[in-house]
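Each chain is listed here by its residues.
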Amino acid sequence: MNPTQALDHTPSDLNYPSITFLNLNKSFSISRTMTNVEVAESVYEEVVVPPIGSKVSGVPRKLEFNRVGQSIKFTVYFDVIAPSKDYVFRSLTSR
């Protein structure tokens, strides 16, 4: 990645298992990739506890893996209802 491309990205673009943002004031989405390290036939469903003042959903809502090492991309959508002026914490997990 050249320096110009780096300017087009934010820390939220990193493929970390957590998502952090300050001043949650507009709706947006973030994509992540999950790689299966469990048994071949694994299914994970999202469990969402949205930040106060927002609705959160993931697409797809269920990740179905057929083999170990398989990767699936998913997108998390944040629909802001009441903007935040500070850091907000909640969770999006799979089970």
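Notes on the structure follow. Note that the structure is predicted; figures quoted are calculated from it, not measured.

1. A short note on the packing of aromatic side chains
Then step 1. Evaluated as defined, the whole model comprises two aromatic pairs.
Then step 2. Judged by centre distance (4.9 Å) and plane angle (15 degrees), the rings of Phe28 and Phe78 are stacked. Pair noted here: Phe28 is in strand S1 (residues 28-35) and Phe78 is in strand S5 (residues 71-80), with a separation of 50 residues, a long-range link.
Then step 3. A centroid spacing of 5.9 Å and a plane angle of 75 degrees characterise the contact between Tyr44 and Phe65, whose relative ring orientation is edge-to-face. Of this pair, Tyr44 sits in strand S2 (residues 42-49) while Phe65 sits in strand S4 (residues 62-65); the two residues are 21 residues apart in sequence, bridging distant segments of the chain. For the pair Tyr44 and Phe65, one class covers both residues: buried.

2. Digging into the pattern of salt bridges
Then step 1. Here the structure, examined in full by the defined rule, presents one salt bridge.
Then step 2. Ionic pairing is found between Arg61 and Glu46, a salt bridge with its closest N-O pair at 3.4 Å. Pair noted here: Arg61 is in the loop between strand S3 (54-59) and S4 and Glu46 is in strand S2, with a separation of 15 residues, a long-range link.

3. Examining the side chain of Thr75
Then step 1. By the secondary structure assignment, Thr75 is in strand S5.
Then step 2. Thr75 sits in the buried class, given a relative accessible area of 14%.
Then step 3. At 3.1 Å, the side chain of Thr75 forms a polar contact with the side chain of Ser31.
Then step 4. Once you skip the residues sitting within four places of it in the chain, Thr75 turns out to touch Ser29, Ile30, Ser31, Ser57, Gly58 and Val59.

Each value, and the rule that gives it
- Residues numbered from 1 in each chain as written.
- Predicted model: local features only at pLDDT ≥ 70, side-chain atom pairs only at ≥ 80, totals over all residues.
- Heavy atoms only, no water.
- Phe/Tyr/Trp six-rings, centres within 6.5 Å; stacked < 30°, edge-to-face > 60°.
- Helix = DSSP H or I, 4+ residues; strand = E, 2+ residues; numbered from the N terminus.
- Buried < 20%, exposed > 50% of the residue type's maximum accessible area, 1.4 Å probe, protein only.
- Salt bridge = Lys/Arg side-chain N within 4 Å of Asp/Glu carboxyl O.
- Polar contact = N/O pair within 3.5 Å; in protein donor to acceptor, adjacent residues only side chain to side chain.
- Contact = heavy atoms within 4.5 Å.

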